[in-house]
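What follows is each chain in one-letter form.
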Amino acid sequence: MAFVIFLIPCFMVGSDVALSCQNADDFVGASAPGDIVIGGLFSVHSEMLHPEEDPIKPVIQNCAGFEIQVFLQTLAMIHAIETINNSTLLSGVTLGYEIYDTCAEVTKAMASALRFLSKFNSSEDAVEFKCNYSDYIPRVKAVIGASYSEVSMAVSRLLALQLIPQEVILTSNATTGTVVSPASSAEILSDKIRFPSFFRTIPSDFHQTRAMTRLICESGWNWIGVIATDDDNGRFALESFGVQAMANNVCIAFKEMLPAYLSDSTFHTKVDQAIENIVKEKRVNVIVVFMRQFHVLKLFKKAIERNVNKIWIASDNWSAAVKISTMPNIRQLGTVVGFGFKNGDISSFQEFLRNLHKKPTENNKFLREYIMLLSVCAHLEYHDFQRCIANQSQDNLLENDGSKPHIWRDDFLNVNVEPGFIHSTMLAVYAIAQAIKGLCKDRDCKDPSAFTPWELLEELKRVVVIDGDKEVKFDSHGDMSTSYDVLLWKEIDGHMEITTMAEYDAEKGGFIFEDEEKKKDFLALKKVQSTCSQPCSPGQVKKVTESPHTCCYECIYCPENHYSNQTDMDYCYRCNNKTYWAPINSSTCYRKTIYFLAWTDWFAIFLLLLSAFGVVLVLSICVIFTKNLDTPVVKASGGLTVCYIILFSHFLIFLSTVFFIDIPTEFKCKTRQTLFGISFTLCISCILIKSLKILLAFSFDPKLQNFLKCMYKPIPTVVTCTGIQVIICTFWLIFRTPFVNQNFSIPRAIILECNEGSIVAFGIMLGYIAALAFICFIFAFKGRKLPENYNEAKFITFGMLIYFIAWIVFIPVYATTFGKYLPAVEIIVVLISNYGILCCTFLPKCYIIIYKQETNTKSAFLKMVYTYSSKSAGSVAVSQASLDSKSSSFRAIVTDSCKTENDSVNGNCHFQVPGQSLIKGKVLPQNAARTMVRKRVSSI
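Residues numbered from 1 in each chain as written. Predicted model: local features only at pLDDT ≥ 70, side-chain atom pairs only at ≥ 80, totals over all residues. Heavy atoms only, no water.

1. What to know about the overall build of the chain
Next up, step 1: From N to C terminus, the chain includes 27 helices and 29 strands.
Next up, step 2: By the burial criterion, 51% of the 940 residues in the chain qualify as buried.
Next up, step 3: Accessible area for the chain stands at about 44,700 Å²; split by element, carbon and sulfur atoms hold 57% of it. (Helix = DSSP H or I, 4+ residues; strand = E, 2+ residues; numbered from the N terminus. Buried < 20%, exposed > 50% of the residue type's maximum accessible area, 1.4 Å probe, protein only. Areas by Shrake-Rupley, 256 points an atom, 1.4 Å probe, with all protein chains shown as cover.)

See the structure below:
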């Protein structure tokens, strides 16, 4: 099998550089021997110095910018390993460590990773190339780190040993190294296909960006800015946040990407540009920052100079950074709200720090460097002291011979502790230890070849770690489901303190508050407005403007019958029920007012009074006719039975108007037209019989009399006419019955009304009544010249005319009227026609009965009929002779020689016409005339 040896090149920077890389061992920052060695990668320095000579040579350079917080993480790893070695967890098996400084550079991290991959006990630190690494024993069994996701991605790929994938096919478990990161949170690292050996003891950026978006939404912000470093971590975090923001209608006003390395020549220009955008966008009051701590320091320094005052949402990289919170004038920047990893119990680590000055420094270059920094910066106060430490480079420290005295500052280390990172680092060590314990149950782990890294990887997938009072484990993505602390930078006694405001539950996606005071701090964030447009109040809706952002809009009113009941709604809801309505700019729907002709309506009361008066009038007429039963007027009216039937039909017609009032029901709708139609038909049928009877009694035309005698069948006629109307109404009720209808023609009201079901049936019913009335009118019109004291036909004619006029006017009025007063229109027509017929039929008779009693006697009645009959009998037809065609005129002189009974000779009368002989006409005898009168009276 072919193999290639990779050597870790450590080049000489200079013979007088004590901290430079002289050999492979100089490359190690801190180490301790053990049966099982764990590697560590930490960015103890923030940048790597770049050579000034040209051409650039492949030399590993020294670093600058000592990071106290990351130095503390290395100490946390050392403390956790020492604690495990001093416990019975691994039963005599000791853990060792090799910790390397990546200087936040992928290049240097890769060099460290190569040494991790070198073969165990290899004197040349060589990495063998093999087709199968199943039995390969590298220098370390697992690696903790690195601090930044960008570095972790590169290291994880290298440790997964995907060297030349085009030529060599490796299985998914062909890994020689396991990475357990306490700080890298990039979401992409959860991809087990690309990073099969990567684990972390913190949540991924997916949960962090979701938590940020939740905070922004609950605070009512939707117009924000984002600043991130231009590296893998920053880009992935920005992408994840962008997706979350878009899903929650949060718009990003601007995005600024700062160079990943401070040595970049465009760094300061980019910072200035970012500050300019922040100042220019006055509506943006919330800035989300995904950056490393030293980037934030530079940004905030410029922001303080420009008096920028915003709300800054901090990522887990710098949310608990004491060196940032203690910057001079940091309070001028506004409010800082951040998300940090959930704290755990680190009291043992704090005790470790208090005894740190007693620890040996031979195998810990980081500790030696820190002691040298204490000497160089000992004369400075706290913040200047911190800045002095951060600004020193390893080259500068070479000028210090170490002879200067130093003052150990326990408080300085404790103040700079970031509990979330410390706890995550220690948790990573304990997770590896638990996995080793599981593997060493049946193996002698004092032998480094007892297990391979890929076996440890499989055990890590199943390991359960006790963290305080709960158990935690890695999920299928290699992440530990831990929560976030929501941190608030709060000024207390003149100093900026980093306080825990709430806890974010990653599983439930909500905030948990310990007490009301902290909840008030959270709610106070809502006082700051960060929106592109003013929120649209209920009753308004957002209208997108020409801006490409959906958060920039205008507020317009919801149209009529639409509403919006929340702020910033994208569309108005339609009042989804016809029984509701809404005015313009409405936040709710209102129930429509239901209208109908109620009993309490003044017009309904007026019509009811008219109907009641009609009923009283009917009853009064009934009483009058009953008391004068034997008088000629009552007898001439057809007798009490006919009068009662007609009056009863009038009573029913008045009664039918009651069904037109109040809430329509199925019963009322079916009853009112049917009752009116049948009652009115009965009334007209009876009056028709009376008209026929009167015409028959006073007709002297033999042909007409014969016709009327055939027609005059009172009971069959009334039953037939009324029965036809009953059949019409029955078919109407069966096939197209009237029903209750809701009329929505008025926007804010519902008119409850009766729908007639079939306008055709309704028209047929009214048309049938009109046809009977017309026949009655013709017969009555024929008999209009009756005796003066008994001219009933004339009044019937007038009553029919009133009926026709009323219903002719009704048709267009009914067709054009709508609303609750539509039934009142029909009531008015019914009352007018009913009153017209009732009054014309009975009031003249009542007048004679009450006020002209002298004419309501048999003798007076006979005299009146006799006089009318005499006049009718004396009118005979005479034939006229043809006159000479040349005569222009003629006169007819009729000489009545029968002026008295004595003038008649043998009953003969003589008529003389000019130019003609005397014509002899037969005059009826006196006794014959009297006989005719008696017959007329009898027939009446």
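2. A short note on the side chain of Ser424
Next up, step 1: Inspection of the secondary structure assignment puts Ser424 in helix α14 (residues 419–439).
Next up, step 2: Looking at Ser424, its side chain comes within polar contact range of the main-chain oxygen of Gly420, at 2.9 Å. (Polar contact = N/O pair within 3.5 Å; in protein donor to acceptor, adjacent residues only side chain to side chain.)

3. A word on a nonpolar patch on the surface
Next up, step 1: On the surface, Phe798, Leu801, Ile805, Val809 and Val813 cluster together to form a nonpolar patch covering roughly 430 Å² of accessible area.
Next up, step 2: Position of Phe798 relative to the elements: it lies in helix α24 (residues 792–816).
Next up, step 3: With a relative accessible area of 47%, Phe798 lands in the partly exposed category. (Patch = residues over 30% accessible without salt bridge, like charges linked within 9 Å, V, L, I, M, F, W, Y side chains within 5 Å. Salt bridge = Lys/Arg side-chain N within 4 Å of Asp/Glu carboxyl O.)

4. Looking at the nonpolar core
Next up, step 1: Counting 69 residues, the largest nonpolar core has Phe625, Phe676 and Met800 as the members making the most contacts within it.
Next up, step 2: At the level of secondary structure, the elements contributing two or more residues to this core comprise α17 (602–627), α18 (632–636), α19 (639–656), α20 (666–697), α22 (714–735), α23 (759–782), α24 and α25 (822–851).
Next up, step 3: Looking at which element gives the most residues to this core, the answer is α25, with 14 residues.
Next up, step 4: Residues Val93, Ile144, Val465 and Met480 belong to the second largest nonpolar core, which totals 66 residues. (Core = buried A, V, L, I, M, F, W, Y, C linked by side-chain atoms within 4.5 Å.)

5. A few points about the sheet that holds strand β9 (residues 223–230)
Next up, step 1: The eight strands are arranged β10-β9-β11-β12-β13-β16-β17-β18 in an open sheet whose pairing can be described as mixed. Two strands in the sheet have a free side with no partner beyond their single neighbour: β10 (251–259) and β18 (510–512). Strand after strand, the sheet turns through a mean of 25° between neighbouring axes, direction not considered.
Next up, step 2: Here strand β17 (residues 495–505) pairs with β18 via three bridges, running antiparallel. Its bridge partner lying in β18, Asp505 is registered against Gly510.
Next up, step 3: The strands that helix α7 (residues 293–305) touches are β9, β10, β11 (286–290) and β12 (310–314); relative to β12, the one it contacts most, it runs at about 180°. (Pairing = 2+ DSSP bridges. Axes fitted to C-alpha atoms, helices over the stretch in contact; angles between N-to-C directions. Contact = heavy atoms within 4.5 Å.)

6. Focus: the pattern of salt bridges
Next up, step 1: Overall, the coordinates contain 22 salt bridges when judged by the stated rule.
Next up, step 2: A salt bridge links Asp485 to Lys342, with the shortest nitrogen-to-oxygen separation between them at 3.2 Å. With Asp485 in strand β16 (residues 484–492) and Lys342 in the loop between β13 (334–341) and α9 (347–354), the pair connects residues that are 143 residues apart, well separated along the chain.
Next up, step 3: Overall, the relative accessible area of 26% leaves Lys342 in the partly exposed class.
Next up, step 4: In this structure, the salt-bridge partner of Asp662 is Lys668, at a minimum N-O distance of 3.9 Å.
Next up, step 5: A residue is classified by how much of its surface remains accessible, and Asp662, at 21% relative accessible area, is partly exposed.
Next up, step 6: When salt bridges that share partners are traced, they join Lys342, Asp485 and Glu503 into one network.

7. Here we look at the sheet that holds strand β26 (residues 739–743)
Next up, step 1: Spatially, three strands are ordered β25-β27-β26 in an open sheet, and the strand pairing comes out mixed. Each edge of the open sheet is held by one strand with a lone partner, namely β25 (593–595) and β26. Across the sheet, the mean angle from the axis of one strand to that of its neighbour is 30°, orientation sign disregarded.
Next up, step 2: Note that β26 and strand β27 (residues 749–755) share five bridges and pair antiparallel. When the bridges of β27 are listed, Asn743 appears paired with Ile751.

8. Some thoughts on the environment of Ile653
Next up, step 1: Here Ile653 shows up in helix α19.
Next up, step 2: As for Ile653 and Ile678, which are separated by 25 residues in sequence, their C-alpha atoms are 9.0 Å apart.
Next up, step 3: Beyond its immediate stretch of four places on either side in the chain, Ile653 contacts Phe676, Ser679, Phe680, Val830 and Asn834.

9. Some thoughts on the pairing of β11
Next up, step 1: Burial analysis of β11 places five of its five residues in the buried class, the great majority of the element.
Next up, step 2: Taken together, the four bridges between β11 and β12 define a ladder with parallel strand orientation. The residue bridging Val286 from the neighbouring strand is Ile311, located in β12.
Next up, step 3: Handedness of the β-α-β unit built from β11, α7 and β12 comes out right-handed. (Right-handed = clockwise from strand over helix to strand, strands pointing away.)

10. Some remarks on the packing of α23 against α24
Next up, step 1: Across the interface, α23 lies against α24 with an axial gap of 9 Å and an inter-helix angle of 155°. When the axes of α23 and α24 are compared, the pair comes out roughly antiparallel. The handedness of the crossing between α23 and α24 comes out as left-handed. Residues Phe762, Leu766, Ile769, Ala770, Ala773, Phe774, Cys776, Phe777, Ala780 and Phe781 of α23 touch α24, and the partners they reach there are Ala793, Ile796, Thr797, Met800, Leu801, Tyr803, Phe804, Trp807, Phe810 and Tyr814.
Next up, step 2: Classifying every residue of the contact of α23 with α24 by side-chain character gives 19 nonpolar, one polar and no charged. (Parallel < 35°, antiparallel > 145°, perpendicular 65-115°, else oblique. Left-handed = near helix turned anticlockwise from the far one by under 90°. Nonpolar A, V, L, I, M, F, W, Y, C, P; charged D, E, K, R; others polar.)

11. Comments concerning the state of the cysteines
Next up, step 1: If you walk through the whole model with that rule in mind, you get eight disulfides.
Next up, step 2: Covalent S-S linkage joins Cys63 and Cys103, the inter-sulfur distance amounting to 1.7 Å. In this structure the cystine formed by Cys63 and Cys103 twists about its S-S bond by roughly 100°; its chirality is therefore right-handed. Of this pair, Cys63 sits in strand β4 (residues 63–66) while Cys103 is found in the loop between β5 (95–101) and α2 (106–117), placing the two residues 40 residues apart along the sequence.
Next up, step 3: For Cys103, a relative accessible area of 1% corresponds to the buried category.
Next up, step 4: Here Cys622 is not cross-linked by a disulfide; its sulfur's nearest cysteine counterpart is in Cys643, at 9.1 Å. (Disulfide = S-S within 2.5 Å.)

12. A closer look at the packing of α17 against α19
Next up, step 1: One way to put it is that α17 packs onto α19 with a least axis distance of 9 Å and a crossing angle of 170°. Considering the angle they form, α17 stands roughly antiparallel to α19. Across the interface between the two elements, Ser611, Gly614, Val615, Val618, Ile621, Cys622, Phe625 and Thr626 of α17 pack against Leu640, Cys643, Tyr644, Leu647, His650, Phe651 and Phe654 of α19.
Next up, step 2: Class assignment for the residues of the contact of α17 with α19 results in eleven nonpolar, four polar and no charged.

13. Re the packing of aromatic side chains
The geometry of an aromatic ring pair is captured by two quantities: the separation of the ring centres and the angle between the planes.
Next up, step 1: Tallied over the entire structure, the rule returns 39 aromatic pairs.
Next up, step 2: With centroids separated by 5.5 Å and ring planes inclined at 65°, the aromatic side chains of Tyr803 and Phe804 adopt a geometry described as edge-to-face. The two residues Tyr803 and Phe804 agree in class, both being buried.
Next up, step 3: Their ring planes at 50° and their centres at 6.2 Å tell us that Tyr803 and Trp807 sit as a pair that is tilted. Taken together, the residues span about one helical turn, with Tyr803 and Trp807 both in helix α24 at a distance of four residues.
Next up, step 4: Of the residues examined, Trp807 reaches a relative accessible area of 8% and is grouped as buried. (Phe/Tyr/Trp six-rings, centres within 6.5 Å; stacked < 30°, edge-to-face > 60°.)

14. Regarding the confidence of the model for the chain
Note that predicted coordinates carrying low pLDDT should not be read in detail.
Next up, step 1: A residue-level look at the chain finds 79% of positions with pLDDT of 70 or above and a mean pLDDT of 78.
Next up, step 2: Under a pLDDT of 50 for its full length, residues 1–19 has, in the predicted model, 42 contacts with residues more than four places off or in other chains.
Next up, step 3: Note on residues 162–177: pLDDT under 50 across the span, and 32 contacts to partners over four residues away in sequence or across chains. (pLDDT = per-residue confidence, 0-100.)

15. Observations concerning helix α1 (residues 68–85)
Next up, step 1: The end-to-end C-alpha separation of α1 is 26 Å, in line with the 26 Å expected for 18 residues at 1.5 Å each.
Next up, step 2: Of all 18 residues making up α1, 15 are buried, and the element is well covered by its neighbours. (Expected span 1.5 Å × (residues − 1).)

16. Looking at helix α5 (residues 232–247)
Next up, step 1: Taking 1.5 Å of rise per residue, 16 residues should cover 22 Å, and α5 covers 23 Å from first to last C-alpha, within 8% of that figure.
Next up, step 2: By the burial criterion, the buried members of α5 are Asn233, Gly234, Ala237, Leu238, Ser240, Phe241, Gln244 and Ala245.
Next up, step 3: Of the residues flanking the start of α5, the one acting as N-cap is Asp231, its side-chain oxygen 2.7 Å from the backbone nitrogen of Gly234.
Next up, step 4: Positive phi shows up at Asn249, right after α5, with a value of about 60°.

17. Looking at unusual backbone geometry
Next up, step 1: Phi angles above zero are rare outside glycine, and Asn561 is one such case at about 65°.
Next up, step 2: The backbone phi angle of Asn585 is positive, close to 60°, even though this residue is not glycine.
Next up, step 3: Position of Asn585 relative to the elements: it lies in the loop between β23 (580–581) and β24 (590–591).

18. Thoughts on the side chain of Ser319
Next up, step 1: Here Ser319 shows up in the loop between β12 and α8 (322–325).
Next up, step 2: A polar atom in the side chain of Ser319 sits 3.0 Å from the backbone oxygen of Phe339.
Next up, step 3: Sequence-distant contacts of Ser319, that is, excluding residues within four places in its chain, are made with Ala314, Gly338, Phe339, Gly340, Leu487, Trp489 and Ile498.

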